[in-house]
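Chain by chain, the residues run as shown.
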Amino acid sequence: MNKYLVRIALFLAAVCAMQAHAEMNRVYHPYVEQNERELEYGFTLRDAGGENILLNRAGIGYAWNDKIFTEVYLLTESITHEGEQIRGYEAELKWQITEQGEYWADWGLLLEAGTAKDISSHEFAVGILWEKELASRWVLAANAIAEYEYGSDIEDEFETALRAQLRYRYSVAIEPALEFYLDDQDWAAGPALMGTIKLSGRKQLRWELGLLFGLDADTPESNLRGGIEFEF
């Protein structure tokens, strides 16, 4: 059996033992850098009916080779300024299917799973990752996602989602973009900025910040999202 399939099977077995729950709150890119280690923090600040809800996500990841990257997350939530509570856990596996530039577009596969802490709510998701370099420094990326939610405290259901990002490579440190998030809960779009700060050796910081506006009545009017990754 292909060694990559063996690793995927082992990872999924561990994930199933966790009883998983997944959240995708950004646009993923299909690339993996061999032996890369990563510390990550991300947040989303949602304006839900005049009450700000802060979602936090902290993770640690590792690339086992030039194809497979795995990461585990701790998800927290702060409804007020009085404090935070642990909301759940998440694990993901990213598989770079094609070499960058090998075909007309670059492809990858994302598997995510997790579990909520205080209620019986679990989720498993599969995402197709796609990216294409356009003319004049423009890059288009998209994620097509299928999710299954289940648990005794929620209604079992199947959901789909689409994430898209049109990015302009102004420089390594600054790349403006326009993002779209379409799923069963949110329809939102807005501008974003991101970039990479090179440090010594292989070390670098990746950052991103975006402001998303609701496109329908059920989506919060504004969502501020951001993240920083330390890669070494």
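Anyway, here's the lowdown on the structure attached to this text.

Reading the values: rules and limits
Residues numbered from 1 in each chain as written. Predicted model: local features only at pLDDT ≥ 70, side-chain atom pairs only at ≥ 80, totals over all residues. Heavy atoms only, no water. Phe/Tyr/Trp six-rings, centres within 6.5 Å; stacked < 30°, edge-to-face > 60°. Helix = DSSP H or I, 4+ residues; strand = E, 2+ residues; numbered from the N terminus. Buried < 20%, exposed > 50% of the residue type's maximum accessible area, 1.4 Å probe, protein only. Salt bridge = Lys/Arg side-chain N within 4 Å of Asp/Glu carboxyl O. Patch = residues over 30% accessible without salt bridge, like charges linked within 9 Å, V, L, I, M, F, W, Y side chains within 5 Å. Areas by Shrake-Rupley, 256 points an atom, 1.4 Å probe, with all protein chains shown as cover. Lys, Arg positive; Asp, Glu negative; His and termini not counted. Charge placed at Lys NZ, Arg CZ, Asp CG, Glu CD.

**Quick look at the packing of aromatic side chains**
Scanning the entire structure with this criterion turns up seven aromatic pairs. Ring plane angle 90° and centroid distance 5.0 Å describe the contact between Tyr62 and Trp64, whose orientation is recorded as edge-to-face. On the numbers, 5.0 Å between centres and 50° between planes, the contact of Trp138 with Tyr168 is tilted. Here Tyr168 lies in strand β8 (residues 157-168) and Trp138 lies in strand β7 (residues 138-150), a separation of 30 residues in the sequence. With relative accessibility at 35%, the residue Trp138 sits in the partly exposed group. Relative accessible area serves as the criterion here: at 24%, Tyr168 is assigned to the partly exposed category.

**Topic: the pattern of salt bridges**
A complete count under the given rule lists 14 salt bridges for this structure. A salt bridge links Glu133 to Arg169; the shortest N-O distance between them is 2.9 Å. Taken as a pair, Glu133 in strand β6 (residues 122-133) and Arg169 in the loop between β8 and β9 (175-183) lie far apart in primary sequence, 36 residues in all. Linking Arg167 and Glu175 is a salt bridge whose minimum nitrogen-to-oxygen distance equals 2.7 Å. Arg167 gets classed as buried once you look at its relative accessible area, which sits at 6%. Residue Glu175 is classed as buried on the basis of its relative accessible area of 13%.

**Considering unusual backbone geometry**
The backbone phi angle of Ser136 is positive, close to 55°, even though this residue is not glycine. With respect to the secondary-structure elements, Ser136 resides in the loop between β6 and β7. For Arg137, which is not glycine, the phi dihedral falls at a positive 70°. Relative to the elements of secondary structure, Arg137 occurs in the loop between β6 and β7.

**Quick look at a negative patch on the surface**
The grouping of Glu155, Asp156, Glu157 and Asp184 at the surface amounts to a negative patch. Mapped onto the fold, Asp156 is located in the loop between β7 and β8. Residue classification places Asp156 among the partly exposed positions, given a relative accessible area of 44%.

**A look at a nonpolar patch on the surface**
Where nonpolar side chains cluster on the molecular surface, the patch consists of Leu45, Leu209, Leu211, Phe213 and Leu224 and spans about 360 Å² of accessible area. In terms of residues, the nonpolar patch owes the most to one element, strand β11 (residues 204-214), which gives three residues. Within the secondary structure, Leu211 sits in strand β11. Its relative accessible area of 33% is what places Leu211 among the partly exposed residues.

Taken by themselves, the reported measurements are silent on function.
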